[in-house]
Amino acid sequence: MAELTYREAVRSAMREEMRRDSRVILMGESITGYGGSYAVTKGLVEEFGPKRVMETPIAEAGIVGFAIGAAMGGLRPVAELMTVNFALLALDQIVNSAAKFHYMFGGQWSVPLVVRTVSGFGQLGPTHSQTFEGWFASVPGLKVVMPATPADAKGLLLSAIRDPDPVIFIEHSLLYSTKGEVPEEVDREVPIGRAAVVREGTDVTLAGYSRMLLQALHAAEVLEREDGVSCEVVDLRTLRPLDYPTVVGSVGRTHRLVLCGEDWRTGGFGGSLLSEIQDRSFDDLDAPIARVAMRDVPLPYSRRLEQQLIPGSQQIVDAVRRMS
Amino acid sequence: MATTPRKSRPRAATRSAGALPHGLTAQQGRDMYRKMVQIRHFEDHAAEAYAQAKVGGFLHLYIGEEAVAVGAIAAAREDDHILGHYRDHGYALARGCDVKACMAELFGRETGICHGRGGSMHLADASRHFWGGHAIVGSHIPIGAGMAYAMQYREEPLVVLDFFGDGATGNGIFHEGLNMAALWNLPVVFICENNLYGMGATLAEESPVSDMMIKAEGYTMPAVQCDGMDVLSVYGAVQQAAEHCRSGKGPFFVEAMTYRFRGHSMADPELYRDKEEVRRWRELDPIPRFGDFLVQHRITSPQELAEVNEEVEAEMLEAVRFADSSPWPEPDTVDRWIYAKPIDPEASEETPSMAGDPAGAAT
Ligand SMILES: Cc1ncc(C[n+]2csc(CCOP(=O)(O)OP(=O)(O)O)c2C)c(N)n1
Ligand SMILES: [Mg+2]
């Protein structure tokens, strides 16, 4: 085991996979000399050269389209889109090309593409603070991954690069400097499509992913200490395909569920998750499923305004307290 | 707006009998003629099947533009990669895709070239390096550039032909794709079929320039214009372009001046153009024109041409019969091919992969 930051874990997955497989290439804006806007690709162009670590024009749709073509030509591209806000410019290529080719061409080929992008906020203003995983997760043909820990970031990225299908890999800017133990062996994949129970409990299940998973863990500690409530915490890790059995199993034990997300309440990922769990677990539930989500407003710049909107452990604690 | 057809002279008009330009053999000439006739008859039958409601959705016919796909694809190597837009029957047939499977795709049958999942706009045959009809205007332009990058990266001497319309040049994705192809010196031939309209928009309404090749200039990309109603003119232009790409000199832009004789799709009342214009362009019909040329140069005879027409017609009737009598896809196969590696969290073990490594199909 080595202690790595989330940022280093993502980088080490790319580095190891590039050493192992010469078909793997990276492309993105300011990912070479600059090292990536969150410094994730730092040092990689020095090791692998500009043919494998490609500095691109500012052309998100073009980058993803190009990466799709490169994948069809036998490469294993990992395209970095600087933030998920800019990924909107590439939605067409992601949804209409990457997610469709295997299906609409009758299984003749697939698109082994990873789109790495970043969610997050911190006084970035309304256009740069958004959270869109639910949009991607609604598209059949995509796999959508949102790791919370360095170990999962590395293991899931290895799986994503090796996967023959397009994978949307969403990192979180507020997690990059978090640290955690990461297995040192090469090849330690974390499977896509598997959630994990990261804390066992008996009274209520908190299900989250990415930054909200850490918030849920914190809330669990507070609730144990202050209320004597025992929380089970589930890290969803993959949003599509979603590991419902793990969530349903946990609800079967605790009979209460709080879904923890930071995307907008209306149309957000938690909504469809909620409806599915209600269908599957209705008889197990002792209380309506609660949801923590972003209020339906654009995230403003002013710290004073922004802070009151960002979902965190306090909202999770409040949601649990309202239940009992 | 260029409503007056440019009269072009077949380049070999002054050559001696039996000789074709661009190093083409007589057999290649006859094959190109047959391919154009195949496309024409395929489209006629597709239109008829559409009228009978056997083909649904969108149907975009290539009638009038046959010389572009046939000339261009004949000028490429058999394993060069091809991508095109949704008016794609011509690319498929010019590349030699199975006619019956193409027709069955339009009929939505399991025997279709994409098992009825794609339809008219999404024919593809990876085994022939035809990577599809693409229906989001311009979307396949950077995809073609990316494939070209893979060829360059893997040091394979293959070129990508990427076909699109004049209308696509108004979309940002066109510019993103050309920019990257030029920036990285990639072996891709961009083939713009300038048929004067993007659906109902005239050139004057959709573009500040009527010659699309001008748009390649800003990307320092060499460009030529050719007569898209003359299969030899297209062949010559794409031959030059492909050679340029293959020798490592970067992308090339070919603009083929052409015209669709039919509406944009089957639903088009054609209010935006007058019948006289259509009539004038029909006089340049690339099929009789090339047929006459071959006869003049004693490469074939009128009887042989008539035979080709009969053989092709029989082939198309058979394709329609095949399509019409083919089985529908089974309802329970609707989930197939969403993923190459389906992952089922409900199962205790991962479902095994249903398709091999895509690189296997690619190269
Ligand atoms: C992005 C996008 N916008 C609009 C359409 C609808 N549409 C389909 S074909 C077409 C016209 C395209 O014209 P052109 O590129 O010149 O090709 P042509 O049909 O003339 O061969 C339009 C607007 C589409 N398919 N994709
Ligand atoms: Mg057009």
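Here, the structure is the one placed above.
Remember, it's a predicted structure, so these values are computed and weren't measured experimentally.

Participant: Hey, could you run me through the nonpolar core in this one?
Facilitator: Inside soluble globular proteins, nonpolar side chains tend to come together where they are buried. Membership of the largest hydrophobic core comes to 165 residues, with the highest contact counts inside it found for F136 of chain A together with L161, F253 and V254 of chain B. Excluding anything up to four places from it in sequence, V254 of chain B contacts V189, F190, I191, C192, V224, C226, A237, V238 and A241 of chain B. Grouped together as the second largest cluster of nonpolar side chains are 33 residues, A13, L44, V78 and L156 of chain A included.

Participant: When you look at the coordination of the magnesium ion (ligand 2) in this model, what are you seeing that I'm missing?
Facilitator: Each angle at a metal carrying four tetrahedral donors should ideally be 109.5 degrees, and each at a metal carrying six octahedral donors should ideally be 90 or 180 degrees. Residue and element names in this part refer to chain B. Coordination of the magnesium ion (ligand 2) by the protein is provided by D166 (OD), N195 (OD1) and Y197 (O), with metal-donor distances spanning 2.0 to 2.2 Å. Linear spacing of the donor residues for the magnesium ion (ligand 2) on their chain is D-x28-N-x1-Y. Here D166, found in the loop between β3 (160–165) and α6 (172–183), pairs with N195, found in the loop between β4 (188–194) and β5 (197–198); they are 29 residues apart in sequence, far enough to count as distant. On the accessibility criterion, D166 (2% relative accessible area) is buried.

Participant: Got a minute to help me understand the packing of aromatic side chains in this structure?
Facilitator: How two aromatic rings sit relative to each other is given by the distance of their centres and the angle of their planes. Considering all chains together, one arrives at 22 aromatic pairs over all chains under this definition. A ring pair is formed by Y38 of chain A and Y176 of chain A, whose centres lie 5.3 Å apart and whose planes are at 35°; its orientation type is tilted. With Y38 of chain A in the loop between β2 (24–28) and α2 (44–48) and Y176 of chain A in the loop between β7 (167–172) and β8 (179–182), the pair connects residues that are 138 residues apart, well separated along the chain. Aromatic side chains F132 of chain A and W135 of chain A sit 4.3 Å apart centroid to centroid with 45° between the ring planes, which places their arrangement in the tilted category. A residue is classified by how much of its surface remains accessible, and F132 of chain A, at 2% relative accessible area, is buried. Relative accessible area serves as the criterion here: at 42%, W135 of chain A is assigned to the partly exposed category. Through a chain of ring-to-ring contacts, three or more aromatic side chains come together here, namely F66 of chain A together with Y149, Y153 and W184 of chain B. Over the ring of Y153 of chain B we find K51 of chain A, and its NZ or CZ is 5.0 Å from the ring centre. If you follow R109 of chain B out to its NZ or CZ, it ends over the ring of W328 of chain B, 3.9 Å from the centre.

Quick notes on the rules
- Residues numbered from 1 in each chain as written.
- Chains lettered and ligands numbered in written order.
- Predicted model: local features only at pLDDT ≥ 70, side-chain atom pairs only at ≥ 80, totals over all residues.
- Heavy atoms only, no water.
- Core = buried A, V, L, I, M, F, W, Y, C linked by side-chain atoms within 4.5 Å.
- Buried < 20%, exposed > 50% of the residue type's maximum accessible area, 1.4 Å probe, protein only.
- Contact = heavy atoms within 4.5 Å.
- Donors = N, O, S within 2.8 Å, 3.2 Å for Na, K, Ca; no water.
- Helix = DSSP H or I, 4+ residues; strand = E, 2+ residues; numbered from the N terminus.
- Phe/Tyr/Trp six-rings, centres within 6.5 Å; stacked < 30°, edge-to-face > 60°.
- Lys NZ or Arg CZ within 6 Å of the ring centre and 35° of its normal.

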